[in-house]
Number of protein chains: 2
Amino acid sequence: MELKQIISSIKDKQPNIKSVFFVGCGASKAELYPAKYFLEGHANDLRVSLYTSNEFNFATPISVNETSIVITCSLGGATPESVTATAKAKELGAHVIAVTHVEGSALTNDADYVVFHGFEANYAAKMEKMTKVLGLAVEILNQFEGYEHYDKMQDGFSKIYDLIEKAVSSVGPVAKAFAESYKDDEVIYVMSSGATHEVAYSFSICLLMEMQWINSGTFHDGEFFHGPFEVVDKDVPFLLLMNDGRTREMDSRALDFLNRFDAKTTVVDAKDYGLGSAIASEVVDYFNPMLISGVLRVYAEQLAIVRNHPLTKRRYMWKLEY
Amino acid sequence: MELKQIISSIKDKQPNIKSVFFVGCGASKAELYPAKYFLEGHANDLRVSLYTSNEFNFATPISVNETSIVITCSLGGATPESVTATAKAKELGAHVIAVTHVEGSALTNDADYVVFHGFEANYAAKMEKMTKVLGLAVEILNQFEGYEHYDKMQDGFSKIYDLIEKAVSSVGPVAKAFAESYKDDEVIYVMSSGATHEVAYSFSICLLMEMQWINSGTFHDGEFFHGPFEVVDKDVPFLLLMNDGRTREMDSRALDFLNRFDAKTTVVDAKDYGLGSAIASEVVDYFNPMLISGVLRVYAEQLAIVRNHPLTKRRYMWKLEY
């Protein structure tokens, strides 16, 4: 079923949807963030929340009921906390949409609707999860409240995958330079703003900590000036993700500060990949995370190569019970 | 004006409040979190959001209007981003409550209501900001939707300050042991769950990074198993904040893992300070952050002493324009 049909099917059953819950863990939580950020900013009536799955399970919001849409997400569809959250949402009467790469996975058991996304084919396919969840949020807003830039958003959806593939095709040399420069660092900080805030989070906790065992911290670059910036000094390693859109001023302010005190700074900037030339300014904010995540994947791959530490290497995950 | 009167005054002017926005920066953003977490979990109709101030300023949610309550917060009342957010909220017609320690500060200029809180007197006074904002959230819920545990919450408010003072009076030796053990660490991770999630964040970005220039990372302990736990190894330094309440199971699971692989682990546990014996189980979750923050203040002070690095020492903040 298309995203549009999923939401219209829910609306047929329940015209009075009041709340939308996004629920997932780790990278799959982070990939729900652009949709949550979009809907929270543009809805007048819908309530919008994002929970890590076990928060949703142990401290379930009282408003989860037949007036709720719950969107759960898990790449492999087997994440136990997210499977439990899906079952709990269903039990409470919510309209449940499971987003996963694996057909027939446990996540789909209690879902009313399932959205499958690609992964292996190419970099664009890896961004389908985040993009389709944003697509669901756009449908929810448009069908329940109306959204004046709906067509511009659809135009963006029609272009983003090609933009990602084009961006990654040219990024090899700068990604390799990043990897060479940061490969022995004790700690790497990652920050961004706007819809890309949790792309920084995901790169920090998943790509660096989980897949490379590199120490890392992450925060919103608007928060940078209210604490973290005191660790800045010559050669302290930062990775700054710069948006094209309304929050760019925050990213730029952080960059100015990093440069002023000679921090070791790498910038991944959506403007370098032509995002704003292709996508309308009214909606461009929400396509930064997909483009930047695609580019960052190459950065992570290069880091894995120069460190001789494959992105699939784990000591605990998939190997132990915990 | 008392918290209860502030909310009833707003209700007199606007019985149809739809949204509540919490807006602040750094520690003052983190101290809004327990209130946001409480209201998001217990409201059926009210929309609830928490923004770092410049997100609110640059990508202002369209729903900020005369049906909104906006609560801004700044200890000294001079944080430029939060002063701007207060003005913006007022300009958009919202009912604005400024929470600050400094009477007559810029934050109060455009506020309809001002809540002052203590700071210097003792540890309990330092927790007034967080506690009073939670008090506002409880009033909002009770007056606009009703809240069945309102009396138990009031009972908690009547006890929490004494509990904090009692806790800090006994914590010296363990805080000193923490400081001695962690003083030379390259990086310290801090995590928690539930209402205490952003106490971990605040300790990481403010107490460690800002006030001690120690590298740090922070995440929800439910997220720990979806990325960060791969950095765990013998003697990797962690600080785990354990709640008494519904999310304790997540904290315990993280502790088990840390112990299993011999991470250097310090636990600050609300159960060690009698929180659950004093405060009703239906509301105890929401008093963990105040108690644990009070205790953590002593940990930070001990770290400052053994490292000969006063908590007031800065290289950029208050010294430069940025």
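Predicted, not measured: the structure shown is a model, and the values here were computed from it.

1. Description of the state of the cysteines
Residue and element names in this part refer to chain A.
- For the coordinates displayed, the defined rule picks out zero disulfides over all chains.
- Not part of a disulfide, C25 finds its nearest cysteine sulfur in C73, a span of 10.0 Å.
- Look at C73 and you get buried, because its relative accessible area is 1%.

2. Points about the side chain of T86 of chain A
- Positionally, T86 of chain A belongs in helix α5 (residues 80-91).
- Apart from residues lying up to four places away in sequence, T86 of chain A is in contact with T72, V96, L107, D110 and A111 of chain A.

3. Observations regarding the packing of helix α8 (residues 150-170) of chain B against helix α13 (residues 288-306) of chain B
All names here are of chain B.
- Relative orientation of the contacting elements α8 and α13 amounts to 30°, with a least axis distance of 9 Å. Compared by their axis directions, α8 and α13 come out roughly parallel. Taken as a pair, α8 and α13 cross one another with a handedness that is right-handed. Packed against α8, whose contacting residues are I160, L163, I164, A167 and V168, the element α13 presents M290, L291, G294, V295 and V298 at the interface.
- The residue inventory of the contact of α8 with α13, partitioned by class, reads nine nonpolar, one polar and no charged.

4. Some remarks on the pattern of salt bridges
All names here are of chain A.
- Applying the stated rule across the entire model yields 34 salt bridges over all chains.
- Between K234 and D235 there is a salt bridge, and its shortest N-O distance comes to 3.6 Å.
- With a relative accessible area of 44%, D235 lands in the partly exposed category.
- Salt bridges here are not isolated pairs; linked through shared partners, they connect E180, K183 and D184.

5. Quick word on the sheet that holds strand β3 (residues 68-74) of chain B
Residue and element names in this part refer to chain B.
- Pairing within the open sheet is parallel, and its five strands lie in the order β2-β1-β3-β4-β5. Two strands lie at the open edges of the sheet, namely β2 (47-52) and β5 (113-116), each paired on one side alone. Averaged over all neighbouring strand pairs, the angle between strand axes comes to 15°, with direction disregarded.
- Sheet topology places β3 next to strand β4 (residues 95-100); six bridges connect them, and they run parallel. Bridging across to β4, V70 finds its partner in V96.
- Set on the sheet, helix α3 (residues 33-42) makes contact with β1 (19-24) and β2; between it and β2 the angle comes to about 155°.

6. Quick look at the domain arrangement of chain A
Residue and element names in this part refer to chain A.
- Segmentation of chain A into domains returns domain 1 (3-147) and domain 2 (169-306).
- Each of domain 1 and domain 2 was reduced to a C-alpha centroid, and the two centroids are 26 Å apart.
- Facing the 17 residues of domain 1 at the interface are 21 residues of domain 2.
- Summed over both sides, the interface between domain 1 and domain 2 buries roughly 1600 Å², with carbon and sulfur atoms accounting for 70% of that surface.
- Ranking the residues of domain 1 by area buried against domain 2 places Y33, Y37 and Y123 at the top, with a combined share of 32%.
- Counting the contacts that link domain 1 with domain 2 gives one salt bridge.

7. Overview of the UniProt feature "domain: SIS" (unreviewed entry) in chain A
All names here are of chain A.
- Mapped onto this numbering, the UniProt entry annotates "domain: SIS" (unreviewed entry) at residues 6-146 and 178-322.
- With 43% helix and 21% strand, residues 6-146 has its two end C-alpha atoms placed 16 Å apart.
- Counting secondary structure, residues 178-322 comes out at 39% helix and 17% strand; the distance between its end C-alpha atoms is 34 Å.

8. Brief notes about the relation of the copies chain A and chain B
- Expressed as a screw operation, the relation of chain A to chain B combines 0.0 Å of axial shift with a rotation of 180°, fitting to an RMSD of 0.0 Å. What we have between these two chains is a two-fold relation. Taking C-alpha positions as the reference, the residue of chain A nearest the rotation axis is G217 of chain A, at 2.0 Å.
- A high fraction, 100%, of the interface residues of chain A reappear at the interface in chain B, so the copies pair face to face through one surface.

9. What about the environment of E128 of chain A?
All names here are of chain A.
- Position of E128 among the secondary structure elements: in helix α7 (residues 128-144).
- A C-alpha to C-alpha distance of 9.8 Å links E128 and E31, two positions 97 residues apart in sequence.
- Every residue in contact with E128, bar those within four places of it in the chain, is listed here: H117, G118 and Y161.

10. Concerning the interface of chain A and chain B
- Each side of the interface is counted separately: chain A has 71 residues, and chain B has 71 residues.
- Regarding the contact of chain A and chain B, the summed buried area is about 6300 Å², with carbon and sulfur atoms giving 51% of it.
- Counting every contact that joins chain A to chain B gives six salt bridges.
- Across the pair R253 of chain A and E81 of chain B runs a salt bridge, and its minimum N-O distance is 3.1 Å.
- Where the side of chain A that touches chain B is concerned, the elements lending two or more residues are α3 (33-42), β2 (47-52), α4 (53-58), β6 (187-192), α10 (197-212), β7 (215-220) and α11 (248-260) of chain A.

Procedures and definitions
- Residues numbered from 1 in each chain as written.
- Chains lettered and ligands numbered in written order.
- Predicted model: local features only at pLDDT ≥ 70, side-chain atom pairs only at ≥ 80, totals over all residues.
- Heavy atoms only, no water.
- Disulfide = S-S within 2.5 Å.
- Buried < 20%, exposed > 50% of the residue type's maximum accessible area, 1.4 Å probe, protein only.
- Helix = DSSP H or I, 4+ residues; strand = E, 2+ residues; numbered from the N terminus.
- Contact = heavy atoms within 4.5 Å.
- Axes fitted to C-alpha atoms, helices over the stretch in contact; angles between N-to-C directions.
- Parallel < 35°, antiparallel > 145°, perpendicular 65-115°, else oblique.
- Left-handed = near helix turned anticlockwise from the far one by under 90°.
- Nonpolar A, V, L, I, M, F, W, Y, C, P; charged D, E, K, R; others polar.
- Salt bridge = Lys/Arg side-chain N within 4 Å of Asp/Glu carboxyl O.
- Pairing = 2+ DSSP bridges.
- Domains from an automatic or database assignment.
- Buried area = accessible area lost by both parts, 1.4 Å probe.
- UniProt positions renumbered as here; feature names shortened; annotations may be inferred.
- Least-squares fit on C-alpha atoms with pLDDT ≥ 70 in both.

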